[in-house]
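Structural characterization, general
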Amino acid sequence: GHFNAFPVRAGSTLPHYTLTNWTQLMQSIRSTTGAKVITLNHPRDLHSNFIPLGETNYNAVTGENRRGGEFSFDAVEVITSGALQSDPMRLFRDWFAMLNYGYRIAAIASSDTHTVRRVVLGQGRTYVVCNDRDPAKINLDEVCRSYREGRVLVSLGLLAQITVNDRFTVGDLATKLGNELQVTVTVLGPSWVKADRVELFANGVKIREQEIETPPGAIRKATVQWTIPRPAHDAHLVAIATGPGVTAPYWATPRPYQPSSKVWTPLVIGATNPIWFDGDGDGKFTAARQYAARLIDRAGVDPAKLLPALADYDEAVATQAASLCQAKGRDVR
């Protein structure tokens, strides 16, 4: 795999970079360099005959690490503008599965720019919540804390922001909620970029979408509001805005780095990290896999008992339940 780690202490020794066990590798990176944030980069790209999130290594439906051990990196690239995917949502789905499994891994973007010949510098960007009143004195500890808490926004030409009940935003646990939630998504972009759609995902399942128009101007801006019922169980909420890709040479959207299809529709994208909903009102967040494990503890793996118990949950919980049943030797099909 390809990882970035920061900050690194001056004069620190090299990590044990030959390790192939990721848990041990992360421990080595942190202990030798003092790094507070480690990111997994372009996880669907093939390098040295290895794809980090390839199907032999990763279950893209459940978020399980098939190589063994638990993921312990802090963030994963869902957009790498120098290495885009043919399916721009593929890495988002990989990330949603990680969240449903129970990981607190932030989504980020980067350009991975090694050259000025093939791609435009800085198209994929991660925007971090921090005090930037004096850009020369940004507090690096605050930046790293925002990464670990998921207080970052993902950008490829657009910037999407989300609030719930005008109080909660990315990285927050939304708790003490009423029966209905007011969700507001704001989409921003420069004059030469257009957004035309906003989608809302709960536990990785699309629950709302709306076409939008961003009026012309130096800054294009659109706001979408939805009133949604409070989920009966906890869920993570993410907004993703998209628009047509840029074809002009000053910011041309690059073609996929390792295409998996001859069909390609270039897009600009702005995505949020999650707001964590306390749907069951217990004051904390419970991931889909945790719910599934509780249900199986109560109902067992007999489909006649388990399927009715799943009726009040979403497909993310059902998916995790199927995975846990399989691990116990019961194929629910």
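Refer to the preceding data block for the structure.
Residues numbered from 1 in each chain as written. Predicted model: local features only at pLDDT ≥ 70, side-chain atom pairs only at ≥ 80, totals over all residues. Heavy atoms only, no water.

1. What to know about the overall build of the chain
To keep things clear, this is the line we draw: In this description a helix means any DSSP run of H or I spanning at least four residues, a strand means any run of E spanning at least two, and both kinds are numbered starting from the N terminus. We take the radius of gyration over the C-alpha atoms and set the globule estimate at 2.2 Å times the residue count to the 0.38 power. With a 1.4 Å probe rolled over the protein chains alone, any residue whose accessible area is under 20% of its type maximum counts as buried; one over 50% counts as exposed, and the rest are partly exposed. Whether two residues are in contact is decided by their heavy atoms: any pair within 4.5 Å suffices. Residue-level accessible areas treat just the shown protein chains as cover; the underlying method is Shrake-Rupley with a 1.4 Å probe. Under the convention used here, Asp and Glu are negative, Lys and Arg are positive, and both His and the chain ends fall outside the count. Charge positions are represented by NZ for Lys, CZ for Arg, CG for Asp and CD for Glu.
When helices and strands are counted, the chain shows six helices and 15 strands. Compactness check: the chain gives a C-alpha radius of gyration of 20 Å against a globular reference of 20 Å for 333 residues, within 12% of the reference. Dimensions of the chain, computed from the C-alpha atoms along their principal axes, are close to 60 × 50 × 45 Å. Here the chain holds 333 residues, and 49% of them are scored as buried. A fraction of 69% describes how many contacts in the chain between residues 6 or more apart in sequence connect residues 24 or more apart. Total accessible area on the chain is roughly 16400 Å²; 50% of this is exposed by carbon and sulfur atoms. In the chain, 36 side chains carry a positive charge and 32 a negative one; their mean positions are 4 Å apart.

2. Observations regarding the pattern of salt bridges
For clarity, the cut-off: The term salt bridge refers to a side-chain nitrogen of Lys or Arg lying within 4 Å of a carboxyl oxygen of Asp or Glu.
Across all of its chains, the model carries 11 salt bridges by this definition. Residue Arg-289 is joined to Glu-64 by a salt bridge in which the shortest nitrogen-to-oxygen separation is 3.7 Å. Linking Arg-289 in helix H4 (residues 288–299) with Glu-64 in the loop between strand S2 (37–40) and strand S3 (75–80), this pair joins segments that are 225 residues apart in sequence. By relative accessible area, Arg-289 is classed as buried at 13%. What you see here is one network of salt bridges that share partners, running through Arg-197, Glu-199, Lys-206, Glu-209 and Glu-211.

3. Some thoughts on helix H1 (residues 22–33)
What counts here: The span expected for a helix works out to 1.5 Å for each residue beyond the first. Starting at the helix axis, one direction is taken to each C-beta atom, and the arc is that of these directions. We define a polar contact as two N or O atoms separated by no more than 3.5 Å, with the added condition that, inside protein, one atom must be a possible hydrogen donor and the other a possible acceptor, whereas residues neighbouring each other in sequence contribute only through side-chain atom pairs.
Taking 1.5 Å per residue as the helical rise, H1 with its 12 residues ought to reach 16 Å, and the 16 Å between its terminal C-alpha atoms agrees with that figure. Among all positions in H1, only Trp-22, Leu-25, Met-26, Ser-28, Ile-29, Thr-32 and Thr-33 are buried. For H1, the angular spread of the buried residues around the axis is 160 degrees, confining them to a single face. Buried-residue contacts for H1 involve strand S1 (3–6) and S2. Measuring from the backbone nitrogen of Thr-23 back to the side-chain oxygen at the start of H1 gives 3.0 Å, which picks out Asn-21 as the cap. Phi turns positive one or two residues past the end of H1, at Gly-34, with a value near 75 degrees.

4. So, the pairing of strand S14 (residues 267–272)
Counted only if it meets this: What makes two strands pair is DSSP finding at least two bridges between them.
Counted residue by residue, S14 has five buried out of six residues, so it is predominantly covered. Two elements, strand S6 (residues 152–156) and S14, share four bridges in a ladder whose sense is antiparallel. The residue of S14 that forms the bridge with Leu-153 is Thr-272. In this sheet, S14 lies alongside strand S13 (residues 235–244) in antiparallel orientation, the contact comprising five bridges.

5. Comments concerning H4
Its 12 residues give H4 an end-to-end C-alpha distance of 16 Å, which sits within 8% of 16 Å, the value for a rise of 1.5 Å per residue. Turning to H4, its buried residues are Ala-288, Arg-289, Tyr-291, Ala-292, Leu-295, Ile-296 and Ala-299. Looking straight down H4, one finds that the buried residues subtend no more than 155 degrees of arc, so they occupy a single side. Residues Asp-297 and Arg-298 are exposed on H4 and point more than 90 degrees away from its buried face. Contacts from the buried residues of H4 go to helix H2 (90–101), helix H5 (303–309) and helix H6 (315–327).

6. A look at the nonpolar core
Formally: Put simply, buried Ala, Val, Leu, Ile, Met, Phe, Trp, Tyr and Cys residues joined by side-chain atoms within 4.5 Å make one nonpolar core.
Ranked by size, the top nonpolar core spans 73 residues in total, and within it Phe-73 and Phe-92 carry the most contacts. Residue contributions to this core peak at eight residues, all from H2. In terms of nonpolar packing, the next biggest core, distinct from the first, is built from 13 residues, Leu-295, Ala-299, Ala-316 and Val-317 among them.

Geometry only, nothing functional implied.
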